[in-house]
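Residues per chain, in single letters:
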Amino acid sequence: MATDIVTPKAMVMADYKGKVDPDWCPGCGHFGVLAAVQKALVELQIPNHQVATVSGIGCSSNFPGYIDTYGMHTLHGRSLPVATGLKMANHDMTVLVTGGDGDGFGIGCGHFVHTTRRNVDLLYLVLDNQVYGLTTGQTSPTSRVGMKTKSMPFGNIETPLNPISLALAAGATFVGRGFTGDQKHLTELIKRGIEHKGFSFIDVFSPCVTYNHDNTFQWFRPRVKKLEDNPSYDPSDWIAAMEKSLQWGDEIPIGRFFERNDLPTLHGAEPVLAKGALVKQDIRMPADVAKSFIDELM
Amino acid sequence: MRQSFSVGIGGAAGQGVATPGDIFAKIFSRRGLHLNAYNAYQSIIRGGHTFLTVRTGPDKIPTTDGRLDLLIPLNQDTMDRHLRLLSLGGACLYNSDLIQPGTPADGVQLCPIPVSQLADLSRNKVAQNTLAIGAALSMMGIGFPAMESVLEEQFRKKERSVIDENVSLARAGYDYATQNFKPFAWPLPTTDARYAVLSGNAAMAMGGAAAGVKFYCAYPMSPSTGVLHWMAEHARTAQIMVRQVEDEIGVINMAIGAAHAGVRAMCATSGGGFALMSEGLGLSAQAEIPVVVIDCQRAGPSTGVPTKTEQGDLWQMLGAAFGDYPRVIAAPLDIADCFKLMPEIFNLTDQFQCPGIVLCDLLLAEGRLTVDSKELDFFPTIDRGELITSNGSGDHEPYQRYKITESGVSPRVIPGIPGYTHTVSSDEHDEDGVLISDEYTNNAKRRAMMEKRMRKEIGIAAAIQPPQLLGPANADVTLIGWGSTYGVIDEACELLREAGISANHLPIRWLVPLHGDAILDLLRDARHTIIVENNYSGQFARYLRSETSFTPTGHIRKYDGEPLFPHHIVEAVQEQLAGKTRLSIPVHEIMV
């Protein structure tokens with residue numbers, strides 16, 4: 001690859017503005033997540049051409065269109081394998097993955113578990129509104145028991161999935177939970193998630209103002225309690241994180257549940273990538289290597 | 001008839017059928033002989049019945065033809081099943097301590113080996129195998145030193161004592177046969193040629209590596225797993241990143257992610273795994289990200305017969321993912337072509353930014369063939385198409401990922417380059433990549449974008465070779481096949497000519513786009529046309545009719561899990577020319 005001409009400049013919010021404005025419903029929680037991501041990128045001063053934003057399908061998966069980076073709007077539930085492939089082929093990119101609770105914990109849950117255990121160095125943000133929005137309001141894997149939707153009009157009878165416990169059990173090296181209603185806290189959490197070397201998972205409470213009348217901004221606001229406000233909480237203690245992940249009700253913890261930095265990332269563990277990003281390596285193999293492959297067959 | 005010699009080795013899985021097969025393959029290829037090997041087996045790790053046929057000779061060996069010169073049964077079951085395959089001049093080498101011979105045909109030599117007298121069975125449980133190989137070489141007229149060097153190599157990772165023991169066992173078998181058995185009437189010749197021996201799976205993996213694949217991922221699935229194994233074993237020397245993924249949905253999407261980042265990416269599977277990849281194929285088409293998928297067909301539907309061959313996936317490939325989109329589908333004709341096709345299909349998918357499918361099958365994927373190493377070109381032409389790899393002077397027109405062009409191809413950019421940020425998308429989009437499916441669906445833009453993508457089909461069709469008719473013009477019969485039937489039809493044509501029936505052959509390699517007009521031109525004057533394929537419904541015949549309205553005079557189909565043999569085609573052609581039927585379904589004579 002040829003060398004690029006780069007004019008160094010300070011990144012500002014406007015640099016990350018996408019080609020179109022979001023078409024989310026007025027008051028949607030996702031606006032706050034988008035702003036927090038853009039703010040985090042400005043504060044970290046990551047040029048937009050070095051960022052890839054990958055999503056699945058759903059309201060929150062329209063995200064890449066609203067932020068000026070290298071975007072990929074993929075298939076429902078498939079953002080994580082696409083993002084993994086992208087990161088493996090060019091690990092110099094900062095990779096952000098966005099999607100909803102249906103995308104990530106429903107149709108894409110298998111990929112969530114495996115991407116987690118692989119410790120792929122990316123930030124996975126789930127904009128969790130506990131409902132299917134773009135399909136006009138059905139029960140999601142995180143909908144509470146009893147919640148009435150068009151697909152379960154007499155109330156959900158299935159236990160919701162706990163994304164934090166699941167991520168911890170699957171071996172995530174960074175697990176957090178944010179609330180779109182607390183911008184400052186969310187932005188800090190996202191920054192840490194981007195900076196973390198390995199798989200960072202942040203479940204963000206991002207209320208759906210149209211289809212979820214149970215878990216609203218008003219419902220969350222008095223309940224969320226920052227882990228960072230508790231000086232005795234140790235995010236390197238996995239057991240403590242697991243215990244904390246089970247807390248739900250009048251008090252719901254948000255913040256950095258868990259982080260460890262002693263495990264190699266997937267690209268870091270791959271010797272083939274020691275010579276640099278795959279996309280920057282020579283497409284041709286050396287002649288002696290080719291000859292050795294033929295010699296094996298003789 | 002071309003001169004050839006066939007060895008059949010059978011036993012239960014785990015009895016060590018593979019090693020004698022490898023040893024024979026090495027010995028034959030180093031005599032400058034061609035060979036073709038096919039292993040009939042089941043989805044079982046221990047037990048069952050495995051039957052390996054190795055056919056060799058001085059000319060190209062397109063098939064294993066079902067005929068045997070030498071049978072080495074490692075158990076009673078193999079003796080009982082296959083002794084009847086031997087005819088005049090054939091021989092059967094067996095362990096007379098364990099195996100009762102059946103009644104052979106006239107002129108078949110039964111060669112009992114008293115294994116317990118020649119070997120210490122407490123030390124070597126597979127002594128009978130090595131004794132039999134030694135004996136076989138003596139009867140074939142091959143000098144013992146050839147065996148010694150191959151055994152050295154075969155067991156090079158073992159201790160010296162293991163090698164020495166095997167050499168002395170082979171020597172004992174060799175000497176015993178020299179004293180007690182009649183050699184074959186046709187001693188195996190030698191030539192100065194030296195061939196590579198490889199499977200279709202290895203050939204496709206190596207062809208991919210030669211094409212510049214940097215990312216390979218897969219989920220294990222027979223009969224495609226050999227591609228993963230070659231890739232994994234050679235990943236570090238070839239600088240290819242190889243990942244085993246949780247399922248085939250993850251596989252195709254991971255490959256697409258890597259391809260979008262700018263590397264050549266490939267994956268392989270079989271019919272069931274391909275079904276899971278279907279939606280991802282649509283993503284490749286819609287987002288215009290090139291990816292190459294190998295499908296090694298096995299007998300379906302569903303789990304089907306995992307270890308048996310079939311050409312039953314064609315319509316799955318034609319209909320994979322919903323909507324209309326340009327795609328390339330090619331079926332390699334033989335194992336050498338498994339290699340050659342890969343750089344070609346990568347160039348096409350890069351140039352036209354669409355998915356490419358290599359439609360192989362178990363017969364080629366797991367079969368082994370001698371190939372002239374000059375045909376394995378590791379430095380083929382690489383054309384990445386319109387790919388922006390740097391921002392040049394930094395000064396350029398505003399970039400549009402899906403710019404409408406006459407060719408339908410919009411220049412692609414490698415993510416990471418300043419000034420070219422954009423979003424690719426599975427949703428319909430405008431030239432900028434902005435979704436047109438949500439707020440306001442602009443039907444004019446939708447139509448323009450559909451037409452832009454579909455225009456690529458014209459370019460692809462122009463870039464690929466139209467099919468050619470092989471053999472004499474004005475033949476009595478024209479045999480039409482696709483993919484792996486190339487070898488068997490080629491050999492059948494030769495046998496037909498010897499039987500006084502002139503035959504020619506139209507092999508189809510590029511399935512999509514199909515050169516329908518060229519095919520009609522070639523078949524216009526054909527007297528009697530027969531489509532030969534390894535499936536129940538005549539999938540290619542139906543496809544050809546849908547594209548061209550062409551209907552052949554007759555069909556030869558086989559769907560019992562085993563490949564066609566040349567004589568199946570010869571007999572079917574004879575009965576069809578005699579007007580007895582228009583559909584022949586040959587019966588497979590080897591029960592495995």
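Residues numbered from 1 in each chain as written. Chains lettered and ligands numbered in written order. Predicted model: local features only at pLDDT ≥ 70, side-chain atom pairs only at ≥ 80, totals over all residues.

**A look at the overall build of chain B**
Now for step 1: What chain B contains, in helices and strands, is 18 helices and 23 strands.
Now for step 2: Taking 2.2 N^0.38 as the reference for a compact globule, 592 residues should give roughly 25 Å; the C-alpha atoms of chain B span a radius of gyration of 26 Å, in line with that estimate.
Now for step 3: Based on the C-alpha atoms only, the size of chain B along its principal axes is roughly 85 × 60 × 40 Å.
Now for step 4: Looking at the 592 residues of chain B, the share that counts as buried comes to 55%.
Now for step 5: Long-range pairs, those at least 24 residues apart, make up 74% of the contacts in chain B between residues at least 6 apart in sequence. (Helix = DSSP H or I, 4+ residues; strand = E, 2+ residues; numbered from the N terminus. Rg over C-alpha atoms; globule rule 2.2 N^0.38 Å. Buried ≥ 20, exposed ≤ 12 C-beta atoms within 10 Å, placed from the backbone. Contact = placed C-beta atoms within 7 Å.)

**Quick look at the overall build of chain A**
Now for step 1: What chain A contains, in helices and strands, is ten helices and ten strands.
Now for step 2: For chain A, whose C-alpha radius of gyration is 20 Å, the value lies close to the compact-globule estimate of 19 Å for 298 residues.
Now for step 3: Expressed as lengths along the three principal axes of its C-alpha atoms, the size of chain A is roughly 70 × 40 × 40 Å.
Now for step 4: For chain A, buried positions account for 51% of its 298 residues.
Now for step 5: Partitioning the intrachain contacts of chain A with sequence separation of at least 6 by distance along the chain shows that 70% fall at a separation of at least 24.

**Structural notes on the sheet that holds strand β3 (residues 94–100) of chain A**
Now for step 1: The sheet built from nine strands is open, its strands ordered β9(A)-β10(A)-β7(A)-β8(A)-β4(A)-β3(A)-β1(A)-β2(A)-β17(B) with mixed pairing. Among the strands making up the open sheet, the edge pair consists of β9 (224–226) of chain A together with β17 (423–425) of chain B. Strand-to-strand twist in this sheet, taken as the mean axis angle between neighbours without regard to direction, amounts to 20 degrees.
Now for step 2: Pairing analysis gives five bridges linking β3 of chain A to strand β4 (residues 122–128) of chain A, with the strands arranged parallel. From the neighbouring strand, Val 97 of chain A faces β4 of chain A, where its bridge partner is Tyr 124 of chain A.
Now for step 3: Helix α2 (residues 79–89) of chain A rests against β1 (51–55), β2 (70–73), β3 and β4 of chain A of the sheet, and its axis sits at about 175 degrees to β3 of chain A. (Pairing = 2+ DSSP bridges. Axes fitted to C-alpha atoms, helices over the stretch in contact; angles between N-to-C directions.)

**Re the interface of chain A and chain B**
Now for step 1: Taken together, the contact pairs 56 residues of chain A with 62 residues of chain B.
Now for step 2: Grouping the constituent residues of the side of chain A that touches chain B by class yields 30 nonpolar, 18 polar and eight charged.
Now for step 3: The pairing of β2 of chain A with β17 of chain B spans three bridges and is parallel. Bridging across to β17 of chain B, Gly 71 of chain A finds its partner in Thr 423 of chain B. (Nonpolar A, V, L, I, M, F, W, Y, C, P; charged D, E, K, R; others polar.)

**Remarks on the domain arrangement of chain B**
Residue and element names in this part refer to chain B.
Now for step 1: The domains assigned to chain B are domain 1 (5–180), domain 2 (197–375), domain 3 (386–464) and domain 4 (477–584).
Now for step 2: Distance from the C-alpha centre of domain 2 to the C-alpha centre of domain 3: 25 Å.
Now for step 3: If you look at the interface, domain 2 gives 15 residues, while domain 3 gives 14 residues.
Now for step 4: If you list the elements that add at least two residues to the side of domain 2 that touches domain 3, you get α10 (271–287) and α12 (335–352).
Now for step 5: Per element, the largest residue contribution to the side of domain 2 that touches domain 3 is three residues, and it comes from α10.
Now for step 6: Here the side of domain 2 that touches domain 3 is built from residues that sort into ten nonpolar, four polar and one charged. (Domains from an automatic or database assignment.)

**Digging into unusual backbone geometry**
Now for step 1: The residue after Gly 300 of chain B, namely Pro 301 of chain B, is reached through a cis peptide bond having omega 0 degrees.
Now for step 2: On the secondary structure map, Pro 301 of chain B appears in the loop between β11 (291–297) and α11 (314–319).
Now for step 3: Cis geometry marks the peptide bond from Val 512 of chain B to Pro 513 of chain B, where omega comes out at -5 degrees.
Now for step 4: With respect to the helices and strands, the residue Pro 513 of chain B is situated in the loop between β20 (510–512) and α16 (516–523).
Now for step 5: Despite not being glycine, Asn 119 of chain A has its phi angle at roughly 55 degrees, a positive value.
Now for step 6: On the secondary structure map, Asn 119 of chain A appears in the loop between α4 (109–118) and β4.

**Thoughts on the packing of helix α7 (residues 200–211) of chain B against helix α8 (residues 225–238) of chain B**
Residue and element names in this part refer to chain B.
Now for step 1: Direction vectors running N to C along α7 and α8 enclose 40 degrees, while the axes themselves pass 8 Å from each other. By the criterion of interaxial angle, the relationship of α7 to α8 is oblique. The crossing of α7 and α8 is right-handed. Touching Asn 201, Ala 202, Met 204, Ala 205, Met 206 and Ala 209 of α7 are Gly 226, Val 227, Trp 230, Met 231 and Ala 238, all from α8.
Now for step 2: A class-by-class count of the residues in the contact of α7 with α8 yields nine nonpolar, two polar and no charged. (Parallel < 35°, antiparallel > 145°, perpendicular 65-115°, else oblique. Left-handed = near helix turned anticlockwise from the far one by under 90°.)

**Quick notes on the nonpolar core**
Now for step 1: Core analysis: the largest hydrophobic core is formed by 242 residues, its most contacted members being Leu 93, Ala 136, Phe 215, Ala 255, Ala 258 and Ile 569 of chain B.
Now for step 2: At ten residues, the largest contribution of residues to this core is made by α12 of chain B.
Now for step 3: Within the second largest apolar cluster, seven residues are counted, among which are Cys 28, Val 131, Tyr 132 and Tyr 211 of chain A. (Core = buried A, V, L, I, M, F, W, Y, C linked by C-beta atoms within 7 Å.)

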